Every structure is written in C-alpha cells, then in structure tokens.
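This is what each chain is made of:
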Amino acid sequence: MTQKWTESHVPDQSGRVAIVTGSNTGLGYETARVLAARGAQVVIAVRDTAKGEQAAAKIRAATPKADLEVVSLDLGSLQSVRAAAEQLKSEHPRIDLLINNAGVMYPPKQTTADGFELQFGTNHLGHFALTGLLLENILPVENSRVVTVASIAHRNQAAIHFDDLQWERSYNRVAAYGQSKLANLMFAYELDRRLKGKNTLSVAAHPGVSNTELMRHTPGTNLPGYATLANLVTNSPLVGALATLRAATDPAVRGGQYYGPAIPVRAYGVVGYPHLVPSSSQSHDVAIQQRLWAVSEELTDVHFPV
C-alpha cells in the first residue's frame, strides 16, 4: 500500500460525472477542486448557491477548463433533496461518483425542516434520501461509486438510539453527532452489501481531525491560541479530503472499505495521509444496520432499487 497517497495519485477523471455535497468549503471544496483538475464534470451541490458559485469561480481560476455546475441542495429538507435529485437525474443520466460529504457538527439543539434532529437529519437521513433517489442513474455505470464521509466520532459516545432517534427527551450534541456518523458508516456498509455483484461500490472515508468550518461549534474555538493549536494537531482541508478522494478514485478500492488517516495524536484523534482503516465493532452489526435502513426508508419515504 502506498505510504503517502496524495492528490497526484488521483487518476484521470475525464468523462466522469461527480456530485459532491457540501463542496463550497473545506473537505468538499478540496474534493471538488481535485476532481475537476483531473477532468471530471463536478456538481457542487450546496445549500448556499452563492457560496457555491464563489467556490466554482475559485476552482476555475486555478483550472480554467474546469467543468463545474452548482445545484441547490439543502440536506435538512427532504423537499429540497427531492428537487435536487430530480434536477440531477434529468441533467445527468450517467452519474459516476456520488460523494456524501456535507455535514453539521455539535450545533445547539435544532431540527430540520422535517422535524428531525439536525445532525441525524442532515448527516444521515438527507444523504440516505439523496443516494436512494439518484441510484438508478448510478447503477448502470461501470466502476461507479458512492462515497460516504464518516468520522472518528462514530466511536465517541455513539449508538443508534432507536428509542429516541431525534433526541426529544434530552440532547447531547456530542452523542448526537456520534450517532449521525455511526449511521453514515452503517449506511455505507449496508449499501455495499446490497450492491454486491453490481457495477457500483459503496465506500466510506473519514478525514481524521481536520481544521475546517465544521469545527465552528466545537467548544473552545473562541479561546486564545486555539487556531495555532488546531493547525498543529489537525489535518489541512486538503489532506483531510485525501481519504475521500482515495475512496472515490483509487482503482484498488473495494466495496465496503473504510479509508482515513491513521497517525494517532494523543486525545485529538488522527492525522496524516489515507490508508485502509478499521471501524468500531458496533458499526459492523448487521442487525442494527438493517434496522436503521428500514427506519430511514420509513422516515424519508425513499426506497432503494437494491
């Protein structure tokens, strides 16, 4: 296995269509930028289309021939997810890559437009619905992939609380984030099982601890010296995005794998370049995966063709 897998290892993506959620900033932006530079037609699927257009302009400044499109997508609204999916399916009969990257972390207690706890609703249910709605345009494409971005937080106070998925009885923002990221991994693994023998792979990735806007609700971010410390013990957005890019483009990747950095940094998590990494034993619990899938179909009213 390559010890230092970098953006230079991303193969030519000419002729491929890649949809990257949350790609106006951070990990998603770097993912979109590299894919566009390698020749992919990239859809920047974001809630704030003005920021999406700014990101597209920035990518074009570096790669003038970049083929980019900005599409409105609010993962916290199933109505928006359905509208975006209809537009994408109409404009792109062939979808090679769907990268489920967007997310929120540690916000104060909030709900989505559909009444779901914000982190579970956005990070998991929004991507679950989007994937299910787009899958018929992905399945016929040879070597297509769905990449779901999870987190080391899937181990942190994490469980699927079927008795209170929406945290209506109490709210712990760290545990709620852990639930949403565990759900991302379980979705990726169950989807992989359902895709066996088909053209499409389901793969998961995590960025380690990466210094992006996602960190804005983390306790202590307003303290003196936080920025300096963060730069010392976190990945840059580009290095954090490499796990996603490897999961999306490395020809050696297999369905059901999980990629991320593997260098431990005391209590802060992991940094470095992407490798094949393990996830928690809980994330591989097939019974919970299948129960979560059934509940997710019920909550979103999206049913997969696999």
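The structure presented is a predicted model; accordingly, all values stated were derived computationally and were not measured.

For the rest of this paragraph, the subject is the packing of aromatic side chains. Under the definition given, this model contains eight aromatic pairs. Aromatic pair F187 and F304: ring centres 6.1 Å apart, planes at 70°, arrangement edge-to-face. With F187 in helix 5 (residues 173-194) and F304 in the segment after helix 8 (286-300), the pair connects residues that are 117 residues apart, well separated along the chain. For the residue pair F187 and F304, the accessibility class agrees, reading buried in each case. Members of the aromatic cluster, connected to one another through ring pairs, are F128, F187, W293 and F304. Over the face of the ring belonging to F162 we find R291, whose NZ or CZ atom lies 4.0 Å from the ring centre.

With respect to the element layout, L133 can be found in helix 4 (residues 118-138). Judged by relative accessible area, which is 16%, L133 ranks as buried. In this structure the C-alpha to C-alpha distance between L133 and A84, which are 49 residues apart in sequence, comes to 9.6 Å. Here L133 is in contact with V81, R82, A85, K89 and V302, once residues within four sequence places are set aside.

Another aspect to go through is the pattern of salt bridges. Pairing is possible between side chains that carry opposite charge, provided their charged atoms lie close to one another. Per the counting criterion, the structure on display carries eleven salt bridges. With a shortest N-O distance of 2.7 Å, R94 and D96 are connected by a salt bridge. Looking at R94, the relative accessible area reads 41%, which means it is partly exposed. Judged by its relative accessible area of 1%, D96 falls in the buried class. Via salt bridges that share partners, E7, E30 and R33 belong to a single interconnected network.

What follows is about the packing of helix 4 against helix 5. Geometry of a packed helix pair, given as the angle between the helix axes and the separation of the axes. At a minimum axis distance of 7 Å, the contact between helix 4 and helix 5 shows a crossing angle of 20°. With respect to helix 5, the axis of helix 4 lies roughly parallel. Side by side, helix 4 and helix 5 meet where Q119, F120, N123, H124, F128, T131 and L135 of the first sit next to R173, A176, Y177, Q179, S180, K181, A183, N184, F187 and L191 of the second. A class-by-class count of the residues in the contact of helix 4 with helix 5 yields eight nonpolar, seven polar and two charged.

Attention shifts here to the pairing of strand 1 (residues 17-21). Every other side chain in a regular strand lies on the same face of the sheet, so the side chains alternate between the two faces. The buried fraction of strand 1 amounts to five of the five residues, a majority that puts the element mostly inside the structure. Because side chains alternate across strand 1, one face comprises the buried residues V17, I19 and T21, and the other comprises A18 and V20, equally buried. Two elements, strand 1 and strand 2 (residues 41-46), share five bridges in a ladder whose sense is parallel. In the sheet register, V20 faces strand 2, and the bridge partner there is I44. Taken together, strand 1, helix 1 (residues 26-37) and strand 2 constitute a β-α-β crossover, and its handedness is right-handed. Bridge count for strand 1 against strand 4 (residues 97-100) is three bridges, and the pairing is parallel. Paired with V20 across the bridge in strand 4 is I99.

This next bit is on the nonpolar core. I19, L134, L191 and F304 are the most contacted members of the largest nonpolar core, which has 40 residues in total. Counting only elements with at least two residues in this core, the list comes to strand 2, helix 3 (78-91), helix 4, helix 5 and helix 8. Looking at this core, the element that brings in the most residues is helix 4, giving nine residues. Setting aside its immediate chain neighbours within four residues, L134 contacts I19, A85, L88, K89, I95 and L98.

To continue, consider empty space enclosed by the protein. Considering all chains together, one arrives at one cavity of 30 Å³ or more under this definition. Approximately 30 Å³ is the volume attributed to the largest cavity. Taken together, L75, G76, S77, L78, T112, D114, F116, G121, L125 and G126 form the lining of the largest cavity. The element best represented in the lining of the largest cavity is helix 4, accounting for three residues. Each residue belonging to the lining of the largest cavity can be placed in one class, and the counts come to four nonpolar, five polar and one charged.

With that out of the way, let us pick up the side chain of E297. Note on placement: E297 falls in helix 8. Lacking a salt bridge, the buried E297 has R194 as its closest oppositely charged neighbour, with an N-O distance of 4.9 Å. Here E297 is in contact with F128, V302, H303 and F304, once residues within four sequence places are set aside.

Here is what the cut-offs are and how they apply
- Residues numbered from 1 in each chain as written.
- Predicted model: local features only at pLDDT ≥ 70, side-chain atom pairs only at ≥ 80, totals over all residues.
- Heavy atoms only, no water.
- Phe/Tyr/Trp six-rings, centres within 6.5 Å; stacked < 30°, edge-to-face > 60°.
- Helix = DSSP H or I, 4+ residues; strand = E, 2+ residues; numbered from the N terminus.
- Buried < 20%, exposed > 50% of the residue type's maximum accessible area, 1.4 Å probe, protein only.
- Lys NZ or Arg CZ within 6 Å of the ring centre and 35° of its normal.
- Contact = heavy atoms within 4.5 Å.
- Salt bridge = Lys/Arg side-chain N within 4 Å of Asp/Glu carboxyl O.
- Axes fitted to C-alpha atoms, helices over the stretch in contact; angles between N-to-C directions.
- Parallel < 35°, antiparallel > 145°, perpendicular 65-115°, else oblique.
- Nonpolar A, V, L, I, M, F, W, Y, C, P; charged D, E, K, R; others polar.
- Pairing = 2+ DSSP bridges.
- Right-handed = clockwise from strand over helix to strand, strands pointing away.
- Core = buried A, V, L, I, M, F, W, Y, C linked by side-chain atoms within 4.5 Å.
- 1 Å grid on protein atoms, 1.4 Å probe; cavity = no way out; pocket = protein on both sides within 12 Å on 5 of 7 lines; lining within 4 Å.
- Points joined across faces, edges and corners; volume = space filled by probe spheres on them.
- Lys, Arg positive; Asp, Glu negative; His and termini not counted.

These figures capture arrangement, not role.
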